[in-house]
Amino acid sequence: MTSAVYPSLRDRVAFVSGGATGLGAEFVAALAAQGTRVAFVDIDEPAARRLVEDVAAAGHPRPLFLPCDVADIPALQQAIAATHDELGPISVLVNNAANDRRQRVADVDVAAWDASFAVNVRHHFFAAQAVAAQMRALGGGSVINLGSISAHIDLVDLPSYITAKAGVEGLTRTLARELGPDRIRVNCIIPGWVMTERQLRDWVTPEAEESIRRNQCLTEPVMPVDVARMLLWLAADDSRMCTAQTWVVDGGWM
Ligand SMILES: NC(=O)c1ccc[n+]([C@@H]2O[C@H](COP(=O)([O-])OP(=O)(O)OC[C@H]3O[C@@H](n4cnc5c(N)ncnc54)[C@H](O)[C@@H]3O)[C@@H](O)[C@H]2O)c1
């Protein structure tokens, strides 16, 4: 299978949160393979450093890793400023970091709820706010938020995560409206159940595989690369008149 090359992404600067593993790592590698200069933040430093070496060894621009907990907004703002200083103005922002820790309704206290919102929706807003001036100066940019199929199907044990992910969709629409006159596009990708290493390790049982086959129209598993291909298109100028939308990559589950 061949995949697209996007000349508009070459030499651009992208910033990815939660880029060390899972979908985020796929996004970092896919953007770098287009010649994009990528900075990413994460709390998993060993995985991040391995990814930097792997991408550079493949002959792509060496990503810039900045250790940062996205729940710490001043640290996130500092990482975005450091990216500007090192690589130049950011024209692609990928708000990807999240934590889908399982919680029973009865067990969620205020601290757990707030901690979940801090990692699943709050940083999206403050990262977009921080890059907006850089994108405006460039004459435009693309912000891509990661939502989740979980906000659209019947799932339990994720009340704060699902509420935050529903919020990501609303945030996408209002940011697109306010930033549109500056040619800053804001879109939301809704992945279905994607077979990252962590999902395969922690959650994909034979029963789960059966549920995927039953619920998806396309019965093959959704892989990280499938989501990355949508992300590249939304990042590139090929999608120049697309904003304020959700883009579902779920094999037809929703
Ligand atoms: N994998 C799926 O099936 C799936 C389905 C729907 C939506 N999504 C969404 O796609 C995105 C990526 O999913 P994933 O499965 O790769 O997630 P993941 O949990 O496997 O990886 C998230 C990354 O974010 C990092 N991270 C976690 N907390 C952080 C923090 N406080 N500060 C900085 N980095 C932090 C982790 O270290 C990790 O590298 C998320 O927004 C998720 O909600 C994933």
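Before reading further, recall that the structure is shown in the block above.
Analysis parameters
- Residues numbered from 1 in each chain as written.
- Predicted model: local features only at pLDDT ≥ 70, side-chain atom pairs only at ≥ 80, totals over all residues.
- Heavy atoms only, no water.
- Helix = DSSP H or I, 4+ residues; strand = E, 2+ residues; numbered from the N terminus.
- Rg over C-alpha atoms; globule rule 2.2 N^0.38 Å.
- Buried < 20%, exposed > 50% of the residue type's maximum accessible area, 1.4 Å probe, protein only.
- Contact = heavy atoms within 4.5 Å.
- Areas by Shrake-Rupley, 256 points an atom, 1.4 Å probe, with all protein chains shown as cover.
- Lys, Arg positive; Asp, Glu negative; His and termini not counted.
- Charge placed at Lys NZ, Arg CZ, Asp CG, Glu CD.
- Phe/Tyr/Trp six-rings, centres within 6.5 Å; stacked < 30°, edge-to-face > 60°.
- Lys NZ or Arg CZ within 6 Å of the ring centre and 35° of its normal.
- Near = heavy atom within 4 Å.
- Polar contact = N/O pair within 3.5 Å; in protein donor to acceptor, adjacent residues only side chain to side chain.
- Axes fitted to C-alpha atoms, helices over the stretch in contact; angles between N-to-C directions.
- Parallel < 35°, antiparallel > 145°, perpendicular 65-115°, else oblique.
- Left-handed = near helix turned anticlockwise from the far one by under 90°.
- Nonpolar A, V, L, I, M, F, W, Y, C, P; charged D, E, K, R; others polar.
- Expected span 1.5 Å × (residues − 1).
- Salt bridge = Lys/Arg side-chain N within 4 Å of Asp/Glu carboxyl O.
- Pairing = 2+ DSSP bridges.
- Disulfide = S-S within 2.5 Å.

### Some points on the overall build of the protein chain
So, point 1. A tally of helices and strands in the protein chain yields eight helices and seven strands.
So, point 2. For 254 residues, the compact-globule formula gives about 18 Å, and the C-alpha radius of gyration of the protein chain, at 17 Å, lands near that figure.
So, point 3. Dimensions of the protein chain along its principal axes, counting C-alpha atoms only, are 45 × 45 × 40 Å.
So, point 4. Taken over 254 residues, the protein chain has a buried fraction of 50%.
So, point 5. Nonlocal contacts in the protein chain, meaning residues at least 24 apart in sequence, comprise 75% of its contacts between residues at least 6 apart.
So, point 6. Accessible surface, the protein chain: about 12,100 Å² in total, of which carbon and sulfur atoms supply 54%.
So, point 7. If the 22 positive side-chain charges of the protein chain are averaged to one point and the 30 negative ones to another, these points end up 5 Å apart.

### Observations regarding the packing of aromatic side chains
So, point 1. In the structure shown here, the tally under the stated rule is four aromatic pairs.
So, point 2. Arranged with centres 5.0 Å apart and planes meeting at 85 degrees, the rings of F125 and F126 form a pair that is edge-to-face.
So, point 3. Looking at F125, the relative accessible area reads 32%, which means it is partly exposed.
So, point 4. Given the relative accessible area of 26%, F126 is considered partly exposed.
So, point 5. When the ring of W233 is compared with that of W247, the centres are 5.2 Å apart and the planes differ by 70 degrees; the resulting orientation is edge-to-face. Here the residue W233 occupies a position in helix α8 (residues 224-235), and W247 occupies one in strand β7 (residues 246-249), the gap between them amounting to 14 residues.
So, point 6. The residue whose ring lies beneath R102 is W203, and the NZ or CZ to ring-centre distance is 3.9 Å.

### Overview of the site of the ligand
So, point 1. Among the 27 residues in the neighbourhood of the ligand, the closest are listed as L23, D42, N96, Y161 and V194.
So, point 2. At 2.6 Å from an oxygen atom of the ligand is found a side-chain nitrogen or oxygen belonging to D42.
So, point 3. Between the ligand and the protein, one listed contact pairs an oxygen atom with a side-chain N or O atom of Y161 at 2.6 Å.
So, point 4. A total of 830 Å² of accessible area belongs to the ligand in isolation, and the protein chains cover 91% of it.

### Thoughts on the packing of helix α3 (residues 73-87) against helix α4 (residues 110-138)
So, point 1. α4 packs onto α3 with a crossing angle of 30 degrees between their chain directions and a minimal axis gap of 10 Å. Judged on the interaxial angle alone, α4 and α3 are roughly parallel. The handedness of the crossing between α3 and α4 is right-handed. In this structure, α3 uses I73, L76, Q77, I80 and H84 to contact α4, whose residues at the interface are R122, H123, F126, A127, Q129, A130, V131 and Q134.
So, point 2. Residues belonging to the contact of α3 with α4 are distributed by class as follows: seven nonpolar, five polar and one charged.

### Digging into helix α5 (residues 159-179)
Because each turn of an α-helix spans 3.6 residues, side chains separated by three or four positions in sequence point in the same direction.
So, point 1. Counted at 1.5 Å a residue, the expected span for α5 with its 21 residues is 30 Å, and the 30 Å between its end C-alpha atoms agrees.
So, point 2. All of the buried residues along α5 are S160, Y161, I162, A164, K165, V168, E169, L171, T172, L175, A176 and L179.
So, point 3. Residues of α5 that are buried make contact with α4, β5 (141-146), β6 (184-191) and β7.

### Structural notes on α8
So, point 1. Between its terminal C-alpha atoms α8 stretches 16 Å, which fits the 16 Å expected from twelve residues at 1.5 Å a residue.
So, point 2. On its buried face, α8 is in contact with α1 (22-33), β4 (92-95), β5, β6 and β7.

### Comments concerning the pattern of salt bridges
So, point 1. Within the structure shown, the criterion is met by eleven salt bridges.
So, point 2. The partner of R12 in a salt bridge is D237, and the shortest N-O contact between them spans 3.0 Å. Of this pair, R12 sits in the segment before β1 (13-17) while D237 sits in the loop between α8 and β7; the two residues are 225 residues apart in sequence, bridging distant segments of the chain.
So, point 3. Residue classification places R12 among the partly exposed positions, given a relative accessible area of 25%.
So, point 4. The residue R102 makes a salt bridge to D100 at a minimum N-O spacing of 3.2 Å.

### Digging into the sheet that holds β5
So, point 1. Taken in spatial order, the seven strands line up as β3-β2-β1-β4-β5-β6-β7 in an open sheet, and their pairing is parallel. Whereas interior strands pair on both sides, the edge strands pair on one side only; in this sheet they are β3 (64-67) and β7. On average, each strand axis in the sheet is inclined to that of its neighbour by 20 degrees, with strand direction left out of account.
So, point 2. Alignment of β1 against strand β2 (residues 37-42), held across five bridges, turns out to be parallel.

### As for the state of the cysteines
So, point 1. Tallied over the entire structure, the rule returns zero disulfides.
So, point 2. Among the cysteines around C188, which has no disulfide bond, C242 carries the closest sulfur, lying 14 Å off.
So, point 3. On the basis of relative accessible area, C188 is assigned to the buried category, the value being 0%.

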